[in-house]
Amino acid sequence: MDFKKTKYGRFMNSRVPSDKRYQPTEYEHAANCATHALWIIPSILGSSILYFLSDDQWETITAWIYGFGLSGLFTMSTVFHTVSWKKSHLRTVEQRVHMCDRIAIYFFIAASYAPWLNLRELGPWAWHMRWMVWIMACVGTVYVFLFHERYKIIELIFYTAMAAVPAFVILSMHDRDGLFELAVGGAFYSLGTVFFKSDGLIPFAHAIWHLFVAMGAGTHYYAIWRYLYTPGPGQVKTFR
């Protein structure tokens, strides 16, 4: 008898081979949906705040880009996990939505960098990185269409590389405010990947990964709001 099923039967299924997709238990499915669904409305409201705090067209455009990336991530994740949970007659839809969920991650990473690349004075590579992050997101999208779920470790490496490479440009900021929060948010994402790869080893591993994503996104949102959209001393910013 499988020890994991005996001890964690309601909360975790057995580990599956690398070429198979892990099948969450009913409890894990519910947790996977809830842990990202809870952040859809806050992400929309938070993005709206940035929009109303925008002083010029460039800040407004950046707020839209970041807002779509942030809310899109939580929305697509919730849709996928909901369809996956109730997939008895939706196998084709599940596959397509899963691809959209993976693609949303690439564009979320690019959108998360957009405020820093667009609104901060950076080093000589900043201008190039502004469009390079979107090229990387597009390359990731093509990869999903061609090799979805075929080489999982390569996909994880792509996500990690896309998240890390633009950081070298961010480090060239003349104004260092916000770097601590960016590092803390990055640490949340990095620690979360341990749980992302632990389905079948740790109960509710994927839901825990979702919580690390939410903490990372929340920390980065705070930095964007505090250091890029909130007025400094002696300044007054009003909603328009």
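Since we're looking at a predicted model, the values are computed, not measured.

Attention shifts here to the side chain of Glu-94. Considering the arrangement of structural elements, one finds Glu-94 in helix α5 (residues 91–119). For Glu-94, a relative accessible area of 6% puts it in the buried group. At a separation of 3.3 Å, a polar atom in the side chain of Glu-94 contacts the side chain of Ser-84.

This chain's UniProt record puts "transmembrane region" (unreviewed entry) on residues 30–52, 64–83, 103–119, 125–146, 153–173 and 208–228. Along residues 125–146 the backbone is 95% helical and 0% strand, and the end-to-end C-alpha distance reaches 30 Å. Annotated as 100% helix and 0% strand, the span residues 208–228 places its first and last C-alpha atoms 30 Å apart.

This paragraph deals with the pattern of salt bridges. Applying the stated criterion to the full structure yields 1 salt bridge. Among the salt bridges present, the one from Asp-175 reaches Arg-120, with a minimum N-O distance of 3.4 Å. Here Arg-120 lies in the loop between α5 and α6 (126–147) and Asp-175 lies in the loop between α8 (167–170) and α9 (179–196), a separation of 55 residues in the sequence. For Arg-120, a relative accessible area of 8% translates into the label buried.

This paragraph deals with the UniProt feature "binding site: Zn(2+)" (unreviewed entry) in the protein. If you check UniProt for "binding site: Zn(2+)" (unreviewed entry), the listed places come out as His-81, His-206 and His-210 in our numbering. The greatest C-alpha distance among the annotated residues, which extend across 130 residues, is 11.5 Å, indicating that they converge on a single site. If you trace the backbone, His-206 turns up in helix α10 (residues 205–229). According to the relative accessible area criterion, His-206 is buried, its value standing at 16%. Residue placement: His-210 occurs in helix α10.

A separate point is the packing of aromatic side chains. Within this structure, the stated rule accounts for 16 aromatic pairs. Consider the rings of Phe-188 and Phe-212, whose centres lie 6.5 Å apart with planes at 55 degrees: the pair is tilted. Pair noted here: Phe-188 is in helix α9 and Phe-212 is in helix α10, with a separation of 24 residues, a long-range link. In textbook terms, an aromatic cluster arises when at least three aromatic residues are bridged by ring pairs, as seen for Tyr-51, Phe-52, Trp-64 and Phe-68.

It is at 8 Å that the axes of helix α4 (residues 57–85) and α5 come closest, and there the two elements cross at 155 degrees. The angle between α4 and α5 falls in the class roughly antiparallel. At the point where α4 passes α5, the crossing takes the left-handed sense. Considered class by class, the residues forming the contact of α4 with α5 number 19 nonpolar, 8 polar and 3 charged.

Bringing the nonpolar core into the picture now. Formed by 45 residues in total, the largest nonpolar core has its most connected members in Trp-116, Leu-117 and Ile-170. Counting residues per element, the ones that place at least two in this core are α3 (40–53), α4, α5, α6, α7 (152–164), α8, α9 and α10. Broken down by element, this core gets its largest block of residues, 10 residues, from α5. In this structure, Ile-170 is in contact with Tyr-113, Trp-116, Leu-117, Leu-122, Leu-179 and Leu-182, ignoring residues within four places of it in sequence.

Turning next to α3. For α3, which comprises 14 residues, the first-to-last C-alpha distance of 20 Å matches the rise-based estimate of 20 Å (1.5 Å per residue) to within 8%. Of all the residues in α3, the buried ones are Ile-40, Ser-43, Gly-46, Ser-47, Leu-50 and Leu-53. Projected down its long axis, α3 shows its buried positions confined to an angular sector of 160 degrees, all on one face. Turned more than 90 degrees away from the buried face of α3, the exposed residues are Ile-41 and Leu-45.

Rules behind the numbers
- One numbering rule holds for all chains: residues counted from 1, following each sequence as written.
- For this predicted model, a pLDDT threshold of at least 70 governs which residues receive local features, and a threshold of 80 or more governs which side-chain atom pairs are given and counted, while totals over whole chains, interfaces and linings are taken from all residues.
- With hydrogens and water stripped out, all remaining heavy atoms of the structure feed into the side-chain values.
- Per the convention used, a helix needs a DSSP run of H or I reaching at least four residues, while a strand needs a run of E reaching at least two, with both numbered from the N terminus.
- Here's how the labels work: a residue is buried when its accessible area is under 20% of the maximum for its type, exposed when over 50%, partly exposed in between, all with a 1.4 Å probe on protein chains only.
- For this analysis, a polar contact is any N or O atom pair within 3.5 Å, provided that within protein one partner can donate a hydrogen and the other can accept it, and provided that sequence-adjacent residues contribute only side-chain to side-chain pairs.
- UniProt positions are given in the numbering used here, feature names are shortened, and annotations may be inferred rather than shown by experiment.
- Put simply, a salt bridge is a Lys or Arg side-chain nitrogen that is within 4 Å of an Asp or Glu carboxyl oxygen.
- Only centres within 6.5 Å qualify two rings of Phe, Tyr or Trp (six-membered ring in Trp) as a pair; their planes then separate them into stacked at under 30 degrees, edge-to-face at over 60, and tilted for everything else.
- Each axis is a line fitted through C-alpha atoms, taken for helices only over the stretch in contact, and angles between the N-to-C directions span 0 to 180 degrees.
- Note on angle classes: values under 35 degrees are labelled roughly parallel, values over 145 roughly antiparallel, values of 65 to 115 roughly perpendicular, and the remainder oblique.
- Helix crossings get a hand from a simple test, with the near helix turned counterclockwise from the far one by less than a right angle marking a left-handed crossing and a clockwise turn marking a right-handed one.
- Residue polarity is assigned by list, with Asp, Glu, Lys and Arg as charged and Ala, Val, Leu, Ile, Met, Phe, Trp, Tyr, Cys and Pro as nonpolar; anything else, Gly included, falls into the polar class.
- What we call a nonpolar core is a set of buried Ala, Val, Leu, Ile, Met, Phe, Trp, Tyr and Cys residues that are connected through their side-chain atoms within 4.5 Å.
- The contact rule is simple, with two residues in contact once any of their heavy atoms fall within 4.5 Å.
- What a helix should span is 1.5 Å times the count of its residues minus one.
- As used here, the arc is the angular range of directions from the helix axis to the C-beta atoms.

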